[in-house]
Amino acid sequence: MATTIPDIALNDGNTIPQLGFGVYQISPADTADSVRTALDVGYRHIDTAEMYGNEAEVGHGVRAAGLAREDVYITSKLNNGAHRPEDARAAFQATLDALRGDYIDLFLIHWPLPTRYDGDFVATWKVLEEFQQDGRARSIGVSNFQVPHLDRLAAEAEVVPAVNQIEAHPYFVNDEVREYGVKHGIVTQAWSPIAQGAVLGDPTVADLADQVARTPAQVVLRWHVQRGDVIFPKSTTPKRIEENLRIFDFELDDAAMERLTQLDRGESGRQGPHPDSFDYLPG
Ligand code: NAD
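Quick look at the structure, then. Everything numeric in this text was worked out from a predicted model, so none of it was measured.

A closer look at the overall build of the protein chain
- From N to C terminus, the protein chain includes 10 helices and 10 strands.
- In summary, the protein chain has a C-alpha radius of gyration of 18 Å against a globular reference of 19 Å for 283 residues, a match within 12%.
- Along the longest, intermediate and shortest principal axes, the C-alpha atoms of the protein chain span 55 × 40 × 35 Å.
- Out of the 283 residues belonging to the protein chain, those deemed buried represent 54%.

A look at the site of the ligand
- Near the ligand lie 27 residues; those nearest to it are Asp47, Ser143, Ser192, Gln196 and Asn244.
- Here an oxygen atom of the ligand sits 2.7 Å away from a polar atom, N or O, in the side chain of Ser192.
- For the ligand, the accessible surface in isolation is 820 Å², of which the surrounding protein chains cover 89%.
- For the shell around the ligand, the class distribution of residues is 12 nonpolar, 10 polar and five charged.

Describing the environment of Gln262
- Relative to the helices and strands, Gln262 resides in the segment after helix H10 (254–261).
- In sequence terms Gln262 and Leu10 are 252 residues apart; their C-alpha atoms lie 28 Å from each other.

Let's talk about the sheet that holds strand E9 (residues 187–191)
- Strand order in the open sheet formed by eight strands is E3-E4-E5-E6-E7-E8-E9-E10, and the pairing between neighbours is parallel. Edge positions in the open sheet fall to strand E3 (21–22) and strand E10 (230–231), since each of these has one partner strand only.
- Pairing of strand E6 (residues 104–109) with strand E7 (residues 137–143), which is carried by five bridges, proceeds in the parallel orientation. Pairing of Leu106 across the sheet is with Ser139, part of E7.

Re unusual backbone geometry
- Not every positive phi belongs to a glycine, and Gln25 is a case in point at roughly 65°.
- Locating Gln25 in the fold gives a position in the loop between E3 and helix H1 (28–41).
- On the basis of relative accessible area, Gln25 is assigned to the exposed category, the value being 55%.
- Phi at Gln196 takes a positive value of approximately 55°, unusual for a residue other than glycine.
- Structurally, Gln196 can be placed in the loop between E9 and helix H7 (203–212).

Thresholds, definitions, all that
- Residue positions are given per chain, counted from 1 along the sequence in the order it is written.
- A pLDDT threshold of at least 70 governs which residues receive local features in this predicted model, and a stricter bar of 80 or more applies before side-chain atom pairs are shown or counted, although totals over entire chains, interfaces and linings include all residues.
- In computing side-chain properties, one takes all heavy atoms of the structure into account and sets aside hydrogens as well as water.
- Counting from the N terminus, the helices are the DSSP runs of H or I reaching at least four residues and the strands are the DSSP runs of E reaching at least two.
- This radius of gyration counts C-alpha atoms alone. The globule rule is 2.2 Å times how many residues there are, raised to the power 0.38.
- Between buried and exposed lies partly exposed: a residue is buried under 20% and exposed over 50% of the maximum accessible area for its type, with that area taken using a 1.4 Å probe on protein chains only.
- The cutoff for a nearby residue is simple: one of its non-hydrogen atoms must lie within 4 Å of the molecule or strand.
- Distance and chemistry together define a polar contact, namely a pair of N or O atoms within 3.5 Å, with one atom able to donate a hydrogen and the other to accept it when in protein, and with adjacent residues in sequence counting only for side-chain atoms on both sides.
- Here the accessible surface of atoms and residues is derived via Shrake-Rupley with a 1.4 Å probe, and residues count as covered only by protein chains that are part of the display.
- Here the nonpolar group is Ala, Val, Leu, Ile, Met, Phe, Trp, Tyr, Cys and Pro; Asp, Glu, Lys and Arg are the charged ones; every other residue, Gly included, is treated as polar.
- Two strands qualify as a pair provided DSSP detects at least 2 bridges between them.

Spelled out as structure tokens, the structure:
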């Protein structure tokens, strides 16, 4: 069985490593070390965002690991305060400057903010299309987009997002949005893949972990992999960073997959905000 991280094909001809390392809520002071630890044990994909305030430190971590820029897949995201086209152009350049690079592998609209900017995320998306056209963003995508938001892009824009990064884990399987992605060639990235730890104490997860002699985190991350989603669990603990990578040398059978999927609590399982109402703007 393969023990390496698979690449997933995107609709624009590029590929993305299915497992990465997320740096949300890692303080800037800890980010470079954590990124370096992840790269040292074999991760080759980092997920950051302007909102996380640690893009520059992600760049430091990559350089400290002694890896060339093209050997690491880096994603960042447009901050909520920068949706107007001129602001988006400036924010994107600030991301490239922070990472000290002239391109990024994947750039996303972080949140649709349908109650802000007169509900116009299409104008913002068209600016991301510019970044892809001029080669500074190899791929472009969205995050936290619901089905009506994706339908609107399909009707009013040229490029279909390569990915949609959404909350998904066994307590909130989010299958309606995932299925839209499958139908339209949009890869799902599952954020908070272990529900920020909330699913790890679940008795079903513990039982399955016993059955396959793995940890609860490995079982849940493996479930995502077999569903075909891209994931980037976050940890600052070296042992856990490595544990989360060791998920490509075992398999869950159909019954185990189904038991995890059945843990779904629908809307009440969400850990994060609802994309239809989330309207946070940085101060
Ligand atoms: P997560 O589901 O990755 O959980 C992280 C928490 O679980 C941490 O507290 C960590 O200490 C703990 N943990 C990690 N590995 C563990 C292990 N093996 N055993 C026990 N505990 C473990 O949550 P997350 O950080 O919210 O999500 C992952 C990434 O997704 C983020 O870092 C970020 O890159 C991305 N994200 C994106 C959005 C978005 O709006 N696009 C929102 C949230 C997160």
